[in-house]
Amino acid sequence: MPELTDKQTFSDDDALEFHSDPIPGKISMAPTKPMATQRDLSLAYSPGVAVPVLAIAADADKAYDYTAKGNLVAVISNGTAILGLGNLGHMASKPVMEGKSVLFKRFADVDSFDVEVKTTDPDEFVTVVKNIGDTWGGINLEDIKSPECFEIEAQLQDLLDIPVFHDDQHGTAIISTAGLINACHIVGKKLEDVKVVLSGAGAAGLSSIALMKAAGVKAENTVICDRQGVIYKGRDNVSQWQAAHATDTPHRTLAEAMVGADVVLGLSAKGAITKEMVASMAPNPIIFAMANPDPEITPEDVKSVRSDAIMATGRSDYVNQINNVLAFPYLFRGALDVRARQINHEMKIACAHALAALAREDVPDEVAAAYRGRKLKFGPEYIIPTPFDPRLIWYIPPFIAQTAMDTGVARKPIEDMDAYRISLRQRVDPSAALMQKIQASVRSGPKQRVVFAEGEEQSVIRAAWAFKQAELGTPILVGREELIRQNAAEAGLSFDELGIEIMNARISERNTDYVDWLYARLQRRGYLRRDVQRMINQDRNYFAAAMVARGEADCMVTGVTRNFNMALKEVRRVLDVKDRMIGLSILLAKGRTLFVADTSIHELPDAAELAEIAVKAAATVKTLGRKPRVAFLSYSTFGDPPGNRGEKVREAIRILDGMDVDFEYEGEMPPALALNSEARANYPFMRLTGDANVLVMPAIHSAAISTRLVQALGGATVIGPLLVGLEKSVQIVPLGASVGEIMTAATFAAYAEGVEIED
Ligand SMILES: NC(=O)C1=CN([C@@H]2O[C@H](COP(=O)(O)OP(=O)(O)OC[C@H]3O[C@@H](n4cnc5c(N)ncnc54)[C@H](OP(=O)(O)O)[C@@H]3O)[C@@H](O)[C@H]2O)C=CC1
Ligand SMILES: CC(=O)C(=O)O
Ligand SMILES: [Mg+2]
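Predicted model only: the values in this text are computed from it and were never measured.

Visitor: Honestly, the site of ligand 1 in this entry has me stumped. Any pointers?
Guide: Taken together, 24 residues surround ligand 1, and among them Ser146, Ala201, Ala203, Ala204 and Arg227 come closest. Interatomic distance of 3.4 Å between a backbone N/O atom of Gly202 and an oxygen atom of ligand 1. Contacts to ligand 1 include Ile322, whose backbone N or O atom sits 3.0 Å from a nitrogen atom. Relative to its unbound accessible area of 910 Å², ligand 1 is 83% covered by the protein chains. When contributions to the shell around ligand 1 are tallied by element, the ones reaching two or more residues are helix 8 (167-187) and helix 9 (203-215).

Visitor: How should I be thinking about the sheet that holds strand 5 (residues 196-199) in this particular structure?
Guide: Hydrogen bonds between backbone atoms are what pair the strands of a sheet, whose relative direction is either parallel or antiparallel. The six strands lie next to each other as 7-6-5-8-9-10, forming an open sheet whose pairing is mixed. If you trace the sheet from one side to the other, it starts and ends with strand 7 (229-230) and strand 10 (310-313), each paired once. Taken together, the four bridges between strand 5 and strand 6 (residues 222-226) define a ladder with parallel strand orientation. Counterpart to Val196 in the pairing with strand 6 is Thr222. In the packing of helix 8 onto the sheet, contacts are made with strand 8 (263-266), strand 9 (286-289) and strand 10, and the angle to strand 9 comes to roughly 155°.

Visitor: Teacher, can you tell me more about the pattern of salt bridges here?
Guide: Between side chains of opposite charge, pairing is possible as soon as their charged atoms come close. Evaluated as defined, the whole model comprises 45 salt bridges. Beyond isolated ion pairs, a larger network of salt bridges with shared partners links Glu647, Arg650, Glu651, Arg654 and Glu668.

Visitor: Quick question: what am I supposed to make of the site of ligand 2 here?
Guide: Leu83, Lys100, Glu142, Asp143, Asp168, Asn292, Asn323 and Asn324 make up every residue found near ligand 2. In this structure, Asp143 approaches ligand 2 through a side-chain N or O atom, which is 3.1 Å from an oxygen atom. Here an oxygen atom of ligand 2 and a side-chain polar atom of Asp168 are 2.9 Å apart. Here ligand 2 has 210 Å² of accessible area as a free molecule, and 86% of this is covered by the chains.

Visitor: Looking at this structure, I do not really get the sheet that holds strand 1 (residues 72-77). What am I missing?
Guide: In spatial order, the strands read 2-1-3-4; together these four strands make up an open sheet with parallel pairing. The open sheet terminates on both sides in strands that have one partner only, identified here as strand 2 (111-116) and strand 4 (164-166). Each neighbouring strand pair of the sheet contributes to a mean axis angle of 25°, computed without reference to strand direction. Two strands pair when backbone bridges link them, and strand 1 and strand 3 (residues 138-141) are joined in this way by four bridges, in the parallel orientation. Considered in strand 3, the bridge of Val73 is made with Gly138. Most of the contacts of helix 7 (residues 148-159) go to strand 4, to which it runs at about 165°, and overall it touches strand 3 and strand 4.

Cut-off values and rules
- Residues numbered from 1 in each chain as written.
- Chains lettered and ligands numbered in written order.
- Predicted model: local features only at pLDDT ≥ 70, side-chain atom pairs only at ≥ 80, totals over all residues.
- Heavy atoms only, no water.
- Near = heavy atom within 4 Å.
- Polar contact = N/O pair within 3.5 Å; in protein donor to acceptor, adjacent residues only side chain to side chain.
- Areas by Shrake-Rupley, 256 points an atom, 1.4 Å probe, with all protein chains shown as cover.
- Helix = DSSP H or I, 4+ residues; strand = E, 2+ residues; numbered from the N terminus.
- Pairing = 2+ DSSP bridges.
- Contact = heavy atoms within 4.5 Å.
- Axes fitted to C-alpha atoms, helices over the stretch in contact; angles between N-to-C directions.
- Salt bridge = Lys/Arg side-chain N within 4 Å of Asp/Glu carboxyl O.

Treat this as a map of the structure, not an account of what it does.
Structure, rendered in structure tokens:
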């Protein structure tokens, strides 16, 4: 077993327990069709299955339409080069191969299972894989030793009409090239000038050096080494694949080659690179020590001799993890989505450039959250995206799919790239399609001026910037200009480029007007003029709300630095409630979109208030393009068991019965009845014609607890609570909200109506 490094946060026992409990292994499979009835069985198996059988017999490509092939990738190994552990046999490779399969699923929603082939003979391996290869939409070869891996991959690529991709070669090449592009960018060196030394002339190393050359590194500036030292032109014991990268060089050892080098790539084994070697490198050296599970040299050792180095490893417990997990899931996602016949050179280059470009963009808070709040900003400690970056799934595959289409290897081109991007987002974020529609509506409507009351906060600045960049409207930041600019610069954003407006409450020419106006409004509610002056001058919520009230902004976002009730109280002193104000949360889970009310305003609504909450929620849901079906939720079902709390809900129903409302409603009932038609069949008087989509909760605690509980349990996304019912549009985000949450709130603040959301 490998030794534990200082950084390792688990023991061998932890690793074994992880792999054995609660059930052995890391993957399972799930059906995608119901198997509940006799009919299901007849369709899924005999006799129904005969129909697609005949269709595929007539046209093999129909397997993409009638089987899982199109989203299925096999991870295949013979265990001859397991990580950096060497040839430990096909069975020992199974945990790694299961691991790759699970990463395919986790990061790109690609279905995958592993195949371990019991042979070290390349021809036998090729025969096995060739004969079963049509099963899948793609094949990921893994941990097969060089040089056999080169021949195996090339032969299978010729024999099969699907992508065959040796991940240790090309996945590693793509991500290390992306890292090199960005590291050079940071230290101000050009790819065509850098001197690159490779330790480890195997599958990963040779492919990486090849792709780097394709990206601009000059062949004469490279030196490759294996265990015997430098592979120079004319050396013995060199494979044809190594010979292709051999150079004319006087150096004979890795140590000699590294003197004055700009870049060293470690794709060999633990300990292959020493401190002395690193000390001898050029200024601002770039060190990618990528051997797994332990790097050629640790970041601690590098730091002890070079403070000017950019350092990356293959491990997740150090910064800059250069690991092929950043490439293979997304590369296959894009390839599968166009039913590609192969993953070609152009697709690999496109992937490297896309990964490099993504790292240079502003990083959303959700990514920082996955890394215990670590600030991620393009620079020496963040040269490539992190594996948990949720943008990877929708950012990378479109480049791959487009390149496959452009280079003629796509069987089924994507017709609408924007729709494809949305579908990719939807794979990991059920709110993506909804937000996309809301954004499209906002973008096409009259431009709204959105005032962000807490404009000095970095998260707010970033959200405003993203809002403007997405062309959703005109953001106005309230705060001191100097501080806003400073915080923007720290976040790597330039205001002058975008021209975002800044309003400083203390020095604004509008203060006198706002004070006069607000004083007139509050003077008979116990406020002196000087109180109002202080409010406008010193409190950004009053100032921002006054901007909205006086028509200098259309809507407002606040709440990042102040709790909800405090912020609402301040806003309410400036703006009136139109009819009834409620909090409406949008809950997205398992393909459903549910609206839950009231999640923020009425603590313990009485029957009349419950009825009004339903009316307000139903009206709002209509503006979101949905036909509301309201269920009043309770612990009881139509009076059973009897009790005061159920009675209040029943009374709300009676009140609505006496009103002329134009939506379906029913209650009281538990969630199982509201959301399950079979359960509702027991109640023939039931007025809901379909599953409820608006859930009116009996009180704020049940509303807040239930929405947060489903969110905490996972599998559900909650948007809001959205504030509904003020005379002007204001959204109050949760205290400490993320950039994404602020952006969502701003989008809803600017939204009027006009989307169609499917049930
Ligand atoms: N971070 C990442 O994403 C990835 C990392 N890797 C890592 O890269 C390493 C190589 O993998 P792969 O290319 O598949 O394996 P291969 O077996 O194909 O190649 C290994 C190469 O490393 C050389 N080597 C081995 N040990 C030493 C040593 N102590 N000093 C110098 N050179 C050495 C070998 O030389 P010789 O032929 O003389 O024995 C050979 O050239 C592994 O540690 C693997 O975990 C691989 C893929 C992805
Ligand atoms: C990451 C990987 O594929 C390897 O180390 O072999
Ligand atoms: Mg590997």
